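# Structural overview for review
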Amino acid sequence: MAEEKEREELAAAEFHKKIKEAFEVFDHESNNTVDVREIGTIIRSLGCCPSEGELHDLIAEVEEEEPTGYIRFEKFLPVMTQVLLERKYRPIPEDVLLRAFEVLDSAKHGFLTKEELIKYMTEEGEPFSQEEMEEMLSAAIDPESNSIHYKDYITMMAIDEN
């Protein structure tokens, strides 16, 4: 029992260091605050992949009573430490992503056209914004075939959890 608590304290200390380093990249004024719009980038840089709804909830948890547009490090640190300790917002495993793409690829070609991808990503589920769609297309679409070869894309996008 004591050994497990000690291991968790070591993990928390390591997470504190990583969180502080990620936060400081966006703390342009060096005053322990970041623009609220940077929180999603900071969280993703720590290997977490929350949905937009989850991100919104997380921001609400760390924002001041009267939102200022900035998040203070001392409010962000304990919440983000808990997220990392609980391994919340983990990336979706490669095999699950592959199955999802295969469902969309009913003809089993091993690729989706740019048009199909745009349709699925902007009209289904939690739709991508125009900016998110452009970012994905620039990384995913093969310019020669104007399609996404999803096995290659998944391999490229996989997050190494070690």
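Residues numbered from 1 in each chain as written. Predicted model: local features only at pLDDT ≥ 70, side-chain atom pairs only at ≥ 80, totals over all residues. Heavy atoms only, no water.

Right, let's talk about the nonpolar core for a bit. One finds Ile19, Ile39, Ile42, Ile43, Phe76 and Met80 to be the most contacted residues of the largest nonpolar core, which totals 25 residues. Apart from residues no more than four positions distant in its own chain, Ile43 is found in contact with Cys48, Pro50, Leu55, Leu58, Phe76 and Met80. By size, the runner-up hydrophobic cluster in this structure holds 13 residues, among which are Leu112, Met121, Met136 and Ala140. (Core = buried A, V, L, I, M, F, W, Y, C linked by side-chain atoms within 4.5 Å. Buried < 20%, exposed > 50% of the residue type's maximum accessible area, 1.4 Å probe, protein only. Contact = heavy atoms within 4.5 Å.)

Let's shift gears to the domain arrangement of the protein. Interfaces are frequently sized by the accessible area removed from exposure as the parts join. Here the protein is described as being made up of domain 1 (1-86) and domain 2 (94-158). Taking the mean C-alpha position of each, domain 1 and domain 2 sit 30 Å from one another. (Domains from an automatic or database assignment.)

A word on unusual backbone geometry. Residue Arg87 is not a glycine yet carries a positive backbone phi of 55°. Looking at the element boundaries, Arg87 is found in the loop between α4 (73-85) and α5 (94-104). At Tyr89, a residue that is not glycine, the phi angle is positive and equals roughly 60°. If you trace the backbone, Tyr89 turns up in the loop between α4 and α5. (Helix = DSSP H or I, 4+ residues; strand = E, 2+ residues; numbered from the N terminus.)

What follows covers the side chain of Thr33. Positionally, Thr33 belongs in strand β1 (residues 33-35). Residue contacts for Thr33: discarding those within four places in its chain leaves Phe23, Phe26, Asp27, Tyr70, Ile71 and Arg72.

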